[in-house]
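Topology and contacts: notes
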Amino acid sequence: MKGSDFIRTVANRYASQLQLCYPQTLASFSLAKTIHSHMITFGFHPRGHLLNRLIDVYSKSSKIIYARHLFDQIPEPDIASRTSLLLAYSLSGDVKTAQKMFEETPLSIRDSVFYNAMITGYSRNEDGNSCIELFRQMLRDEFRPDDFTFTTVLGGLARVVNKVMQCKQLHGLVLKTGTGFFTSVLNALVSVYVNCGLMFEARKLFDEIYTKDELSWTTIVTGYVRNDELDAARELVDGMSEKLAVAWNAMISGYVHCNRYDEAVDMFRKMYFMGIKIDEFAYTSVISCCANAGLFHLGKQVHCYVLRTEAKPTLDFSLPVNNALITLYYKCDKVDWARQIFDNMPVRDIVSWNAILSGYVNAGRIAEGRLFFSKMPERNQLTWNVMISGLAQNGFGEEGLKLFNQMKSEGLQPCDYAFAGAISSCSMLGALENGRQLHAQLVRLGLDSSLSAGNALITMYARCGVVEASNLLFLTMPYLDSVSWNAMIAALGQHGHGIQALELFEQMLEAGISPDRITFLTILSACSHAGLVKESQYYFNLMDRLYGITPGEDHYARLVDVLCRAGKFLEANDLISSMPFEPGAAVWEALLAGCRTHGNVDLGIQAAERLIELIPHHDGSYMLLSNMYATAGRWNDAANARKLMRDRGVRKEPGCSWVEVENKVHVFLVDDTVHPEVQAVYSYLNKLVPEMKRLGYVPDTKFVLHDIEADQKERVLSAHSEKLAVAFALMRLPRGATVRVFKNLRICGDCHNAFKFMSKVVGREIVVRDAKRFHHFRDSQCSCGDYW
DNA sequence: GTAGGGTTAG
């Protein structure tokens, strides 16, 4: 054998061994490295095709350094090795280097494949415009676009907006160049039409494809799914002779995203019985279906099935499956199970971390959430959004705002969801100025058309007492969803505009927006605040009959509340006994509150006892019971209720009121001695009260909840936190400005009376938000009509 | 040496 023949034989053997490195996995990289080092050890110098192969394998294993090292040894690299390396750079995200390589390659050695590779590079980096640009240059440089070119350019087009024209032009070119005979090109065209939402064109083209492959079917089916035409998609899938798992998976996830959970589960079951392979994708979708639909038992069954299937080793490593399981368990109130999944995961990603964080936050386990947040190795927008809105929703408004600012100081631009969280923090705090500033920032950033931020603003203005601003926003928002309508109805309700709230509800129906369970909660609250008994019963009966929404315990509780406030205790009792489930805390609390207002001590005691049984650590029930006794003058019983509370180590939430003055929040406690200007406040009140008395104000000492001497009672009354905050605001706000005060508990009856006279004396509007609703005092009247 | 489909967190 001649020397050159020998070398050729060895080279061929190496080449066939390298062939084993495809398709590319991590293992193939080490195999390639083994083969390569074998060559080096035996003094064999790869050249030509073999060298290209090595560069290609290294490129495809993302080992650019190895590939580049070999590449640099070639004096005049040919177009094949250039293509391999160029693609490797693009796929690693380094488009700049790829582009440099492209430009440095002389026109004389370029070919169509080389152009195609660069177009692929742009496409993978989501730069559709550059795809088109290079395609045009390719034509100018007089290279023939082939089927690969069109598939890639059309694929890259997916990311471009307003592409209908380009799409039609490319379609024409496809027909002109004869590439329309390739199924791959037609599939890509169908895909772009789908992407433009032009399902009619997509379907027409699909029907014309002579030899449809798996991808043709999948593209059209997923196209319908993406454009929310699930029934059309289903019809195609049912008519398919081949049972393509991909199409079925697309259907299942489509159903899940449209909240059509029954159909998703049916499809999954059918898949199982028909013997279609259930892979990671199907499991992920069906588990996420169970999570969203609250199907705990089915979800658990699927989980067990995952554990038993022979594919378990792969599924154990599957991020999406594990992430979906985390979500399943935390949404079914099993945060600790979710955590266990998380702890057992061999690899985790940002989705896993965010899911657990949401779990803690949604369960109100804020302390754990914050700890978890601080330990996260990586955070994205969603992480911050979850933490900020979680703090706001759990009553940590100040911390929510702090975190929002921290996010900004770390150089991150908050998105509309983060703004929504910060704005809800302002709602909590009653921080109107801060909320207004956030609104202004949103406008500056062009984010003011955002639904989530807009909805948060509606609530913020209402909860800060400026319901007119909510209304203005509601009327001018470019898009509205059911949350917006619910927010506006709630806003009107809280401010006592019950009739307007109901009118808005009717408008909502006329606008074709389906009410949900929240809508009915706000409707019932609005009725409660305005004393609309008949209306509340009417809507309560409507929700199930007309909208198929089964009333939950919260709905019953609201209706009980309405009835009790109107003194209809018999009806309330009937309603409670007609409930399909055991009454929980919310129902007893409503009953108890009504009993207190109407001095129905006997029923009230029963309710309070049940309530204390159900939630022994909640201070509210002891307080209500105690207050009720106090109202009836039974001071011993009142003291006993407080003693029971103390004995059980339950602490009363201290009453406090606050008010925003010059962008700063001032907090007052009862009998306050802490606020630096409190002495001035007391003397201001001392001047004001006699004037109020001249107009008929009589301090009502039955609201003093301690058994103390009569002459001291009036002094205690005048030191209530809400009186201090209102007086402070009257002193410090500009003349004539509306006073907006917030209280964490319900307003005291004497304060309520006093503010009516106060508003007359000072000739200003006083707005007080208490734990349940708003009171607008103007000209010795309150908007609640003394009904609260 | 170049292309294309289905999954998870608010």
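Values in this document were obtained by computation on a predicted structure and should not be read as measured data.

A short note on the overall build of chain A
A tally of helices and strands in chain A yields 43 helices and six strands. For 788 residues, the compact-globule formula gives about 28 Å, and the C-alpha radius of gyration of chain A, at 35 Å, lies well above that figure. A total of 788 residues make up chain A; the buried ones form 49% of that total. Relative to all contacts within chain A whose residues are 6 or more apart in sequence, the contacts with residues 24 or more apart total 61%.

Details of the sheet that holds strand 5 (residues 774–778)
By way of backbone hydrogen bonds, the strands of a sheet pair with one another, either parallel or antiparallel. Strand order in the open sheet formed by six strands is 2-1-3-4-5-6, and the pairing between neighbours is mixed. The sheet is open, and its two edges are formed by strand 2 (664–669) and strand 6 (781–782), each paired on a single side. Across two bridges, the pairing between strand 5 and strand 6 is antiparallel. Within the sheet, the bridge partner assigned to Arg778 lies in strand 6 and is Gln781.

Looking at the protein's contact with DNA strand B
Of all residues adjacent to DNA strand B, which total 47 residues, the nearest are Asn116, Arg226, Asp279, Tyr330 and Asn385. Sugar plus phosphate: this is where 45% of the atoms of DNA strand B within 4 Å of the protein reside. Note that a phosphate oxygen of DNA strand B is positioned 3.2 Å from one of the side-chain N or O atoms of Ser253. Between Asp279 and DNA strand B, the recorded distance is 2.3 Å, taken from a side-chain N or O atom to a base nitrogen. Each residue belonging to the surface near DNA strand B can be placed in one class, and the counts come to 15 nonpolar, 21 polar and eleven charged.

Description of unusual backbone geometry
Even without being glycine, Asn663 reaches a positive phi, approximately 65°. For Asn663, a relative accessible area of 42% gives the class partly exposed. Although it is not a glycine, Asp671 sits at a positive phi angle of roughly 60°. With respect to the secondary-structure elements, Asp671 resides in the loop between strand 2 and helix 40 (678–694).

Topic: helix 28 (residues 451–463)
Think of an α-helix as 3.6 residues a turn; residues three or four steps apart then line up on the same face. Between its first and last C-alpha atoms helix 28 spans 18 Å; for 13 residues at 1.5 Å apiece the expected length is 18 Å, and the two agree. Contacts made by the buried residues of helix 28 are with helix 26 (416–429), helix 27 (432–445), helix 29 (467–476), helix 30 (482–494) and strand 5.

A few points about the packing of aromatic side chains
How two aromatic rings sit relative to each other is given by the distance of their centres and the angle of their planes. Throughout the structure, instances matching the rule amount to 33 aromatic pairs. With a centroid separation of 6.0 Å and 65° between ring planes, the pair formed by Phe29 and Tyr58 is classed as edge-to-face. Of the two residues, Phe29 is situated in helix 2 (residues 26–41) and Tyr58 in helix 3 (residues 48–60); the sequence distance between them amounts to 29 residues. Classification of Tyr58 by relative accessible area gives buried; the value is 0%. Each ring, one from Tyr538 and one from Tyr539, has its centre 5.0 Å from the other, and the planes form 75°; the classification is edge-to-face. The residue whose ring lies beneath Arg110 is Phe102, and the NZ or CZ to ring-centre distance is 4.4 Å.

Looking at the UniProt feature "repeat: PPR" (unreviewed entry) in chain A
As recorded in UniProt, the feature "repeat: PPR" (unreviewed entry) lies at residues 111–145, 213–243, 244–278, 349–379, 380–414 and 481–515. Each end of residues 349–379 is marked by a C-alpha atom, and these two atoms are 10 Å apart; helix forms 74% of the span and strand 0%. Annotated as 74% helix and 0% strand, the span residues 380–414 places its first and last C-alpha atoms 10 Å apart.

What to know about the side chain of Ser721
Along the chain, Ser721 turns up in helix 42 (residues 721–732). For Ser721, a relative accessible area of 3% gives the class buried.

So, the pattern of salt bridges
Across all of its chains, the model carries 28 salt bridges by this definition. Close ionic contact of Glu677 with Arg732 constitutes a salt bridge, the shortest N to O distance being 2.9 Å. Here the residue Glu677 occupies a position in the loop between strand 2 and helix 40, and Arg732 occupies one in helix 42, the gap between them amounting to 55 residues. Among the residues examined, Glu677 registers a relative accessible area of 28% and is labelled partly exposed. One network of salt bridges, with partners in common, ties together Asp231, Arg260 and Glu263.

Here we look at helix 30
With 13 residues, helix 30 should reach 18 Å at 1.5 Å per residue; the first-to-last C-alpha distance of 18 Å fits that figure. The complete set of buried residues in helix 30 reads Ser484, Trp485, Asn486, Ala487, Met488, Ile489, Ala491, Leu492 and Gly493. For helix 30, the elements touching its buried residues are helix 28, helix 29, helix 31 (498–510) and helix 32 (517–530). For helix 30, the side-chain oxygen to backbone nitrogen distance between the N-cap and Val483 is 3.1 Å, and the N-cap itself is Asp481. Immediately beyond the C-terminal end of helix 30, within one or two residues, lies Gly496, with a positive phi of roughly 85°.

As for the environment of Asn405
With respect to the secondary-structure elements, Asn405 resides in helix 25 (residues 397–409). Residue classification places Asn405 among the partly exposed positions, given a relative accessible area of 44%. C-alpha separation for the pair Asn405 and Glu609, spaced 204 residues apart in sequence, amounts to 45 Å.

Here's the deal with the nonpolar core
Among the nonpolar cores identified, the biggest contains 180 residues, and Leu18, Ile220, Val221 and Met251 are the most heavily contacted of them. If you tally residues by element for this core, the top one is helix 11 (residues 183–195), at eight residues. Apart from the residues lying within four places of it in its own chain, the contact partners of Met251 are Val221, Val225, Leu230, Ala233, Arg234, Val237 and Met267. Grouped together as the second largest cluster of nonpolar side chains are 39 residues, Met579, Leu592, Val601 and Ala638 included.

Some remarks on the packing of helix 22 (residues 350–362) against helix 24 (residues 381–393)
Remark: helix 22 packs on helix 24, axes separated minimally by 10 Å, with the N-to-C direction vectors making an angle of 5°. With respect to helix 24, the axis of helix 22 lies roughly parallel. On helix 24, the residues touching Ile350, Asn354, Leu357, Ser358 and Val361 of helix 22 are Leu382, Thr383, Val386, Met387 and Gly390.

Overview of the environment of Cys258
Along the chain, the position of Cys258 falls in the loop between helix 15 (245–257) and helix 16 (261–273). Separated by 28 residues in the primary sequence, Cys258 and Leu230 place their C-alpha atoms 8.9 Å from one another. Ignoring sequence-local partners within four residues, the contact set of Cys258 consists of Asp228 and Leu230.

A few points about the packing of helix 27 against helix 28
At a closest axis distance of 11 Å, the pairing of helix 27 and helix 28 adopts a crossing angle of 155°. Viewed along their axes, helix 27 and helix 28 adopt a mutual orientation that is roughly antiparallel. As helix 27 runs across helix 28, the sense of the crossing is left-handed. The residues of helix 28 that touch helix 27, namely those facing Leu432, Gly435, Arg436, His439 and Leu442, are Ala453, Leu457, Met460 and Tyr461. Taken together, the residues of the contact of helix 27 with helix 28 sort by class into six nonpolar, two polar and one charged.

Cut-offs used in this document
Residues numbered from 1 in each chain as written. Chains lettered and ligands numbered in written order. Predicted model: local features only at pLDDT ≥ 70, side-chain atom pairs only at ≥ 80, totals over all residues. Heavy atoms only, no water. Helix = DSSP H or I, 4+ residues; strand = E, 2+ residues; numbered from the N terminus. Rg over C-alpha atoms; globule rule 2.2 N^0.38 Å. Buried < 20%, exposed > 50% of the residue type's maximum accessible area, 1.4 Å probe, protein only. Contact = heavy atoms within 4.5 Å. Pairing = 2+ DSSP bridges. Near = heavy atom within 4 Å. Polar contact = N/O pair within 3.5 Å; in protein donor to acceptor, adjacent residues only side chain to side chain. Nonpolar A, V, L, I, M, F, W, Y, C, P; charged D, E, K, R; others polar. Expected span 1.5 Å × (residues − 1). Phe/Tyr/Trp six-rings, centres within 6.5 Å; stacked < 30°, edge-to-face > 60°. Lys NZ or Arg CZ within 6 Å of the ring centre and 35° of its normal. UniProt positions renumbered as here; feature names shortened; annotations may be inferred. Salt bridge = Lys/Arg side-chain N within 4 Å of Asp/Glu carboxyl O. Core = buried A, V, L, I, M, F, W, Y, C linked by side-chain atoms within 4.5 Å. Axes fitted to C-alpha atoms, helices over the stretch in contact; angles between N-to-C directions. Parallel < 35°, antiparallel > 145°, perpendicular 65-115°, else oblique. Left-handed = near helix turned anticlockwise from the far one by under 90°.

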